[in-house]
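Per-entry structural report
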Amino acid sequence: MIPLNQRLKQVSQYIKGDTLADIGSDHAYLPLYALEQNLIQRAIAGEVIEGPYKSSQRNVANYHATHEIDVRLGDGLTVVQPEDQVSTITICGMGGPLIAKILTEGQAKLASQPRLVLQSNIQTKTLRQCLQQLNYRIVSEDILEEKGHIYEIVVADYATTPMTLSETEAMFGPYLMKDKTDLFYKKWEHEQQALLKIKQNLDPTRHKERLQQINHQLTLIDEVIRNENQ
Ligand code: SAM
């Protein structure tokens, strides 16, 4: 049995098709688990740093999966080739801006229109806005807590009609803000407290712009967590 945390197990539920590319695959556990569970037939495990790449290679060899899982060293989507015909790309355990950068820089590698399953740790707004620019439509979202951290999962499919997100939807997630689970409130109340703390330490004359940004974010959070119907 492949040891996989709850966060990545939840990500695995959204994998579609035969071929997975897991980008930032420091141990290759997600591709190994997906293969073990018969969710996929083959995978590419991409990693930019030598150490984690070697660890992925070792794990794939230890689980006798070298025929099915190709571990590749490279930056972002550069490891994906057109002939791979990937059906799902997972990018997990990173901040929203880094995931967005990987997708934008690797846009040409999305030609086979794979499903994207993205799990960001922070600033998912940037990621959702990037999906909109790439002509992807969010089809599902999830929020979970593990070891004291709250994570968001965004699932997106290529769309012929572009998705249009309001600023509020981009920040809170179009599906997550409809459901408003206890965890959703916990996340945003926590963000609210963090922003209020930052605000206390800012000088209104020297940090005018940052203060405006924070006040704007606080207003949006307040609206969303107070308004049950939004
Ligand atoms: N995906 C795993 C998970 O969710 O547990 C690993 C997360 S780990 C925090 C992030 C991994 O992504 C690291 O191993 C890092 O080296 C790799 N990484 C960061 N930027 C990358 C990039 N541009 N291309 C490929 N891998 C990257």
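A brief look at the structure comes next. Each chain has its residues counted from 1, running along the sequence as written. The model is predicted, so local features are restricted to residues of pLDDT at least 70 and side-chain atom pairs to those at 80 or more, both for listing and for counting; the totals for chains, interfaces and linings are taken over all residues. As a rule here, side-chain values cover all heavy atoms of the structure and leave hydrogens and water aside.

The definition of a nonpolar core used throughout is a set of buried Ala, Val, Leu, Ile, Met, Phe, Trp, Tyr and Cys residues joined through side-chain atoms within 4.5 Å. The cut-offs for exposure are 20% and 50% of the maximum accessible area for each residue type, with area from a 1.4 Å probe on protein chains only; residues under the lower value are buried, those over the upper are exposed, and the others partly exposed. Ile23, Ile89, Ile91, Leu103 and Leu131 are the most contacted members of the largest nonpolar core, which has 28 residues in total. Of all the secondary-structure elements, those providing two or more residues to this core are strand 1 (19–23), strand 4 (88–94), helix 4 (96–105), strand 5 (115–120), helix 5 (124–133), strand 6 (136–146) and strand 7 (149–158). Between two residues, a contact is recorded if the distance between any of their heavy atoms is within 4.5 Å. Setting aside anything within four residues of it in sequence, one finds isoleucine 91 in contact with Ile23, Ile99, Ile102, Leu103, Val117, Leu118 and Gln119. By size, the runner-up hydrophobic cluster in this structure holds 27 residues, among which are Tyr14, Tyr33, Tyr53 and Ile153. Secondary structure elements follow DSSP: runs of H or I of four or more residues count as helices, runs of E of two or more count as strands, with numbering from the N terminus.

Here, the term disulfide refers to a pair of cysteine sulfur atoms separated by no more than 2.5 Å. This structure, assessed with the given rule, holds zero disulfides. Counting only cysteine sulfurs, cysteine 130 is the nearest neighbor of cysteine 92, a cysteine outside any disulfide, at a range of 15 Å. Residue classification places cysteine 130 among the buried positions, given a relative accessible area of 5%.

Attention now moves to the site of the ligand. Any residue with at least one heavy atom within 4 Å of a molecule or strand is counted as near it. What surrounds the ligand is a group of 16 residues, the closest being Arg7, Gly24, Glu47, Asp75 and Gly76. The term polar contact refers here to a pair of N or O atoms within 3.5 Å; inside protein, the definition further demands a hydrogen-donor-capable atom paired with an acceptor-capable atom, and it admits residues adjacent in sequence only when both atoms are side-chain atoms. At 3.4 Å from a nitrogen atom of the ligand is found a main-chain nitrogen or oxygen belonging to valine 48. Contact distances for the ligand include 3.1 Å between a nitrogen atom and a backbone N or O atom of cysteine 92. Isolated, the ligand exposes 600 Å² of accessible area, and the fraction of that covered by the protein chains is 79%. Secondary structure elements with two or more residues in the shell around the ligand: helix 1 (6–12), strand 4 and helix 4. A total of three residues in the shell around the ligand trace back to one element, the largest contributor, which is strand 4. All amino acids are sorted into three groups, where Ala, Val, Leu, Ile, Met, Phe, Trp, Tyr, Cys and Pro are nonpolar, Asp, Glu, Lys and Arg are charged, and the leftover types, Gly among them, are polar. Here the shell around the ligand is composed, by residue class, of eight nonpolar, four polar and four charged. Only the protein chains shown count as covering a residue, and every accessible area follows the Shrake-Rupley method with a 1.4 Å probe.

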